[in-house]
Each structure stands twice: as C-alpha cells, then as structure tokens.
Amino acid sequence: MISGRKSIPKAVKEVLRSEVGFGCPIKGCGNPYLEYHHFDPPVNIKPHNEPKGMIALCAQHHKKADGGAYTVEQLHTLKTDKTNAALVKGNLDWLRKDLLAVVGGNFYYETLRIITIDDIDLVSLKRDKEGYLRLNINMLSLESEERLIIKDSSWENVGSPLDLRSPPQGKELEIKYTNGDFLYLRFIELESLEQAKKKYKTDIFKDILFPITAVEVEMTIAGTNIELTSSKSQLGGIQMSGSLVSNCGGGVVIENSGILWKQNPIWKRKGLVTETEDSNVIKVNFKRR
C-alpha cells in the first residue's frame, strides 16, 4: 500500500530542483532527470508534499533511497550542502549552451521542438529561468501500454520497458519496449566549428556560433513507417538528409498521420489502483503488465 497523497505541485518540484543544483546530488551522479523522494517522514507514515522532508534524486538513486541506502541525516545534508549543489550545477553547464538537434540526418539549430507528430511533442526542450534546457518526452505507441513521459526533466511515467539506461550526468537516455518502440538521446559538447565538421562530415555549420551542445536523437515507433536515426529519416516513403534549419518552430513535424495512438490508456492506469476503507490509503498493483 502507498499513501494517497496529492500530486507534487510544480512549485515544490522547483524548490527541490534548485536545492540540489538541478541534478542528482549523490556524489558522481549529477543526472538532471529527477524524481522526488519523501523521507522525513516517508509517505507511508504521513501523506505530504512538504519540501523540507523531500529531496530531488535521479531514478536510480531514488530507488536506492526507497530501499534505505541513505539515512535521514544524510538526505538532509544533501539538501543543504550548497557546495555540492554548486558542483552539480557547474557540471550541467552543457545544458545552458545553444542547442543543435541531430535527427534523421538533418540539423536543427536552436529549434527546441525536435519531433512533433499529430500536435504531440514527442521530444522537445525548453529553457527555465536559469537558462538550463529541460527535457520533455512523450512517446507514442500503437500498443495500449504505458510509455515514457518526462516533463520538464522530471520522470512522470515509464511503464515496463525491456531496457532503460540513464547514466550519471544525463548525457544519454535510452529506452526500449518489447514491441520495438525505441528512443535514444545522446548529448555531445561541440567546442568548435572544426570539431563539428569532423564529426558530421559537413561544413554546413559555418554560420553557427560555438561552443554548442548537440543532441542526437534516434526513434522508432513499432508497426509504423516512422523511423529516425542520427544519419537518416524514414517517414513513410520519404527519406531526407543533409539540411540545416535554424530557429524554427519545429524540427521533424508530421501532421494528420491518420494513426490511432494508444499509449498510456487511462482505463489501464485506473485499473492498477484500488480504493481501501481508509480514504488516505490506496492499494496499487505493481505486477508487470
């Protein structure tokens, strides 16, 4: 059983992210994709969303914290250690540079809506008030199963992936599901025009100011003709590569696909939750689906 507390307010998430310097505060980590751990008290003792008893952690270290890997005192120290927060924040400076998205063999400079299908932003970023890029993901699927959702660099949903990788520093994210749905992102710091030309074998970047951060995106939606790698696009019968788009409203944009998307069905999520006699407690079935 878990507590029936309310969803964490956005303002609380902002406080927790700021405390840890916008990345996981565990030594050597710094992953900017965060979850929110209730530890003082834990929610099974008292349902709450009080920032003083919560901390932002990456998914991996959140799981360890749930397993008792850190004491209450250690977690309070991590929340208040401004030196550690400053170190994490400095290690995330690559998220403050101009962005070059590399998708399907094409390049999109300062185009933060990277992949949009049927008015749904599958992969996008936006800058917060500190100037850091925040990642947003909303995977599509033909399967009526849960798929990855990340909102402003906060994990919202993941489902039951076949494989999931999100190493420290947050420069890679890979997720694969049993039906073949797949997403991979890799962030790369490019310090100069020469470095970019050498890596991508083109001088198309001559009007771009360096240093920049490139994000390479690969995506497959199983059962469709939509497949993107860093080097080529397969969108139905159309293939294209080698172009540079700057400061555009959207990168890869597909409208009116005619596809019936079925991911993250409300009925299935509701079926996981059973009310109990206690209005503050619900029963959740964590069995793999």
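Report on the accompanying structure. (Residues numbered from 1 in each chain as written. Predicted model: local features only at pLDDT ≥ 70, side-chain atom pairs only at ≥ 80, totals over all residues. Heavy atoms only, no water.)

### Notes on the overall build of the protein chain
Each helix and strand counted, the protein chain has six helices and 20 strands in total. Each of the 289 residues in the protein chain was classed as buried or not, and the buried ones make up 44%. Across the protein chain, every contact between residues at least 6 apart in sequence was considered, and the portion connecting residues at least 24 apart equals 61%. Carbon and sulfur atoms form 51% of the exposed surface of the protein chain, whose accessible area is close to 14,800 Å². (Helix = DSSP H or I, 4+ residues; strand = E, 2+ residues; numbered from the N terminus. Buried < 20%, exposed > 50% of the residue type's maximum accessible area, 1.4 Å probe, protein only. Contact = heavy atoms within 4.5 Å. Areas by Shrake-Rupley, 256 points an atom, 1.4 Å probe, with all protein chains shown as cover.)

### Notes on the packing of aromatic side chains
This model, assessed by the stated rule, comprises five aromatic pairs. Note on Trp 94 and Phe 187: the rings are 5.1 Å apart at their centroids and 50 degrees apart in plane angle, and the pair reads as tilted. With Trp 94 in the loop between helix H4 (82–91) and strand S4 (98–103) and Phe 187 in strand S13 (residues 182–190), the pair connects residues that are 93 residues apart, well separated along the chain. Side by side, Trp 94 and Phe 187 carry an identical accessibility label, which is buried. Centre to centre, the rings of Tyr 200 and Phe 205 are 6.1 Å apart; their planes meet at 65 degrees, and the pair counts as edge-to-face. (Phe/Tyr/Trp six-rings, centres within 6.5 Å; stacked < 30°, edge-to-face > 60°.)

### A closer look at the environment of Leu 122
When you line up the elements, Leu 122 lands in strand S7 (residues 120–127). The exposure class assigned to Leu 122 is buried, which follows from its relative accessible area of 2%.

### Side note on the pairing of strand S6 (residues 113–117)
Counting buried residues along S6, four of its five residues qualify, which places the element largely inside the surrounding structure. Judged from the four bridges that link them, S6 and S7 form a sheet pairing that is antiparallel. Bridge pairing in S7 links Ile 117 to Ile 120. In this antiparallel pair of consecutive strands, S6 and S7, the connection spans two residues, and Asp 118 shows a positive phi of 50 degrees. Of the strand pairs in this sheet, S6 and strand S18 (residues 252–254) are connected by three bridges, and their pairing is parallel. (Pairing = 2+ DSSP bridges.)

### Focus on the pattern of salt bridges
Across all of its chains, the model carries 19 salt bridges by this definition. In this structure, Arg 127 and Glu 110 form a salt bridge, with 3.5 Å as the shortest nitrogen-oxygen distance. Note that Arg 127 is positioned in strand S7 and Glu 110 in the loop between strand S5 (106–109) and S6, a separation of 17 residues in sequence. Among the ionic pairs, Asp 152 bridges to Lys 126, the shortest N-O distance being 3.4 Å. Here Asp 152, found in the loop between strand S9 (149–151) and strand S10 (154–157), pairs with Lys 126, found in strand S7; they are 26 residues apart in sequence, far enough to count as distant. Each of Lys 97, Lys 171, Glu 189 and Glu 191 takes part in salt bridges that share partners, so that together they form one network. (Salt bridge = Lys/Arg side-chain N within 4 Å of Asp/Glu carboxyl O.)

### Points about helix H1 (residues 10–19)
Those residues of H1 not exposed but buried are Val 12, Lys 13, Leu 16, Arg 17 and Glu 19. Down the axis of H1, the smallest arc covering the buried residues is 160 degrees, so these residues share one side. More than 90 degrees from the buried face of H1, the exposed residues found are Lys 10 and Ala 11. For H1, the elements touching its buried residues are strand S2 (34–38), strand S3 (54–58), helix H3 (72–80), H4, strand S8 (133–138) and S10. Immediately beyond the C-terminal end of H1, within one or two residues, lies Gly 21, with a positive phi of roughly 75 degrees. (Arc of directions from axis to C-beta.)

### A word on the layout of surface pockets
In this structure, the second largest pocket spans a volume of roughly 240 Å³. If you trace the second largest pocket, you find 14 residues lining it, with Lys 10, Lys 13, Lys 151, Asp 152 and Glu 156 closest to the centre. Secondary structure elements with two or more residues in the lining of the second largest pocket: H1, S7, S8 and S10. Of all the elements, H1 adds the most residues to the lining of the second largest pocket, at four residues. Looking at the lining of the second largest pocket residue by residue, the classes come out as two nonpolar, three polar and nine charged. (1 Å grid on protein atoms, 1.4 Å probe; cavity = no way out; pocket = protein on both sides within 12 Å on 5 of 7 lines; lining within 4 Å. Points joined across faces, edges and corners; volume = space filled by probe spheres on them. Nonpolar A, V, L, I, M, F, W, Y, C, P; charged D, E, K, R; others polar.)

### A few points about the state of the cysteines
The tally for this structure, following the rule as stated, stands at zero disulfides. With no disulfide of its own, Cys 58 lies 3.8 Å from the sulfur of Cys 29, the closest cysteine sulfur. (Disulfide = S-S within 2.5 Å.)

### Section: the nonpolar core
Counting residues in each nonpolar core, the largest one holds 41 residues, and the members touching the most others are Ile 114, Ile 115 and Ile 117. Leave out the neighbours within four places in its chain, and Ile 114 touches Leu 99, Ala 101, Val 103, Val 123, Ser 124, Leu 125, Val 215, Val 217, Gly 251 and Val 252. By size, the runner-up hydrophobic cluster in this structure holds 19 residues, among which are Val 12, Leu 16, Phe 39 and Cys 58. (Core = buried A, V, L, I, M, F, W, Y, C linked by side-chain atoms within 4.5 Å.)

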